[in-house]
Amino acid sequence: MGPPESDPWQGRDPGECAGVDEVGRGCLFGPVFAAAVVLPAAALKPLAGLGLTDSKKLTARRRAALVPVIQRLAASWALGQASAAEIDRGGIRLATELAMVRALQKLSCPFELLLVDGVLPLRGWYGDQRTMVRGDSHCLAIAAASVLAKQARDALITALAERYPGYGLERHAGYGTALHRAALQNLGTTPLHRHSFLGRLELSAPGTRGDSR
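Reading the values: the criteria
Residues numbered from 1 in each chain as written. Predicted model: local features only at pLDDT ≥ 70, side-chain atom pairs only at ≥ 80, totals over all residues. Heavy atoms only, no water. Axes fitted to C-alpha atoms, helices over the stretch in contact; angles between N-to-C directions. Helix = DSSP H or I, 4+ residues; strand = E, 2+ residues; numbered from the N terminus. Left-handed = near helix turned anticlockwise from the far one by under 90°. Contact = heavy atoms within 4.5 Å. Nonpolar A, V, L, I, M, F, W, Y, C, P; charged D, E, K, R; others polar. Patch = residues over 30% accessible without salt bridge, like charges linked within 9 Å, V, L, I, M, F, W, Y side chains within 5 Å. Areas by Shrake-Rupley, 256 points an atom, 1.4 Å probe, with all protein chains shown as cover. Salt bridge = Lys/Arg side-chain N within 4 Å of Asp/Glu carboxyl O. Parallel < 35°, antiparallel > 145°, perpendicular 65-115°, else oblique. Core = buried A, V, L, I, M, F, W, Y, C linked by side-chain atoms within 4.5 Å. Buried < 20%, exposed > 50% of the residue type's maximum accessible area, 1.4 Å probe, protein only. Polar contact = N/O pair within 3.5 Å; in protein donor to acceptor, adjacent residues only side chain to side chain. Disulfide = S-S within 2.5 Å.

1. Here's the deal with the packing of helix α2 (residues 60-73) against helix α6 (residues 140-163)
Here comes step 1: Contact geometry of α2 with α6 gives a least axis separation of 9 Å together with a crossing angle of 115°. Once α2 is placed against α6, the crossing between them reads as left-handed. Contacts between α2 and α6 involve Ala60, Arg63, Ala64, Leu66, Val67, Ile70 and Gln71 from the first element and Ala144, Val147, Leu148, Lys150, Gln151 and Asp154 from the second.
Here comes step 2: Grouping the constituent residues of the contact of α2 with α6 by class yields eight nonpolar, two polar and three charged.

Structure, rendered in structure tokens:
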């Protein structure tokens with residue numbers, strides 16, 4: 001992981017900073033997840049040595065191997081989520097912010113600076129914060145958050161695939177692939193689909209597919 005143009009910690013001790021990231025923002029199904037991580041300075045070298053970076057650049061096996069190491073070395077870590085209903089009700093940005101704030105509120109240690117992946121500040125968070133473009137590639141705390149959020153959400157969607165068979169959720173994690181869209185046309189939606197995301201997709205039985213446990 002190469003260094004950003006400036007110090008991601010802004011001259012602070014890394015243990016005084018929390019990284020936050022989300023996953024599942026563009027999906028058609030299920031909640032959006034966020035994770036928040038505080039990494040002490042001593043954790044940076046071993047995590048960098050293990051190749052920690054943006055979760056999208058890692059295989060599922062590598063992410064799974066990193067999760068217990070991140071959890072062990074972090075000063076604190078936490079997860080948050082916002083439901084499909086919350087996404088439909090308030091929009092994806094607000095829901096993503098809710099998930100992030102929920103994760104941050106669960107952290108067990110205080111921090112002075114929040115590091116947010118992307119260009120949009122976290123509304124509703126009134127402490128010091130810094131946005132970082134491609135932060136999950138430049139800041140290990142954000143990268144760690146991206147890995148934890150990705151693994152937690154994938155595990156949930158895989159479990160939900162058994163409740164809602166036929167959509168291929170275990171294969172695409174709820175994203176709008178051709179397989180998923182074809183299944184929606186054949187089966188209709190479930191209670192966990194984001195109806196506000198479906199746009200002009202023509203569904204055979206919209207909103208009628210119930211819990212199939």
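There's plenty left to go through after this.
2. Notes on a nonpolar patch on the surface
Here comes step 1: Side chains of Val119, Leu120 and Val133 sit close together on the surface and give an oily, nonpolar patch of about 280 Å² of accessible area.
Here comes step 2: Summarising the element assignment, leucine 120 is placed in the loop between β4 (113-117) and β5 (128-132).

3. Section: the packing of helix α1 (residues 41-49) against α2
Here comes step 1: Relative orientation of the contacting elements α1 and α2 amounts to 170°, with a least axis distance of 10 Å. The angle between the axes of α1 and α2 places the two elements in the roughly antiparallel class. By crossing handedness, the relation of α1 to α2 is classed as right-handed. Residues Ala43, Pro46 and Leu47 of α1 lie in contact with α2, whose contacting residues are Val69, Ile70 and Leu73.
Here comes step 2: The residue makeup of the contact of α1 with α2, split by class, is six nonpolar, no polar and no charged.

4. Some remarks on the nonpolar core
Here comes step 1: Leu39, Leu52, Ile70 and Leu115 are the most contacted members of the largest nonpolar core, which totals 30 residues.
Here comes step 2: If you list the elements that add at least two residues to this core, you get β1 (17-23), β2 (32-38), α1, α2, β4 and α6.
Here comes step 3: No other element matches α6, which puts nine residues into this core.
Here comes step 4: Formed by 22 residues, the second largest nonpolar core is a distinct cluster that contains Val32, Ile87, Ala95 and Ala103.

5. Some words on the pattern of salt bridges
Two side chains with opposite charge may pair up if their charged atoms get near one another.
Here comes step 1: All told, the structure shown has nine salt bridges when counted by the stated rule.
Here comes step 2: Between lysine 56 and aspartate 136 there is a salt bridge; the shortest N-O distance is 3.5 Å. With a gap of 80 residues between them, lysine 56 in the loop between α1 and α2 and aspartate 136 in helix α5 (residues 135-138) connect regions that are remote in the sequence.
Here comes step 3: For lysine 56, a relative accessible area of 67% translates into the label exposed.
Here comes step 4: Given a relative accessible area of 6%, aspartate 136 falls into the buried group.
Here comes step 5: For glutamate 86, the salt bridge goes to arginine 102, with nearest N and O atoms at 2.8 Å. Remark: arginine 102 occurs in helix α4 (residues 92-106) and glutamate 86 occurs in helix α3 (residues 84-90); sequence separation between them is 16 residues.
Here comes step 6: Each of the salt bridges in this network shares a partner with another, and the network as a whole consists of Arg12, Glu112 and Asp128.

6. So, the environment of arginine 63
Here comes step 1: The topology assignment puts arginine 63 in helix α2.
Here comes step 2: Residue arginine 63 is classed as buried on the basis of its relative accessible area, which comes to 8%.
Here comes step 3: Arginine 63 sits 12 residues away from glycine 51 along the chain, and the two C-alpha atoms are 10.0 Å apart.
Here comes step 4: With near-sequence residues (within four places) excluded, arginine 63 lies in contact with Ser55, Leu58, Val147, Lys150, Gln151 and Asp154.
Here comes step 5: Here serine 55 takes part through its backbone oxygen, which lies 3.2 Å from a polar atom of the side chain of arginine 63.

7. Overview of the state of the cysteines
Here comes step 1: Evaluated as defined, the whole model comprises zero disulfides.
Here comes step 2: Cysteine 17 takes part in no disulfide bond, and the closest cysteine sulfur to it belongs to cysteine 139, at a distance of 7.6 Å.

8. Here's the deal with unusual backbone geometry
What is expected of a backbone is that most residues other than glycine have negative phi and most peptide bonds are trans.
Here comes step 1: Unusually for a residue other than glycine, glutamine 10 sits at a positive phi of about 55°.
Here comes step 2: If you check the backbone angles, alanine 173 has positive phi at about 60° while not being a glycine.

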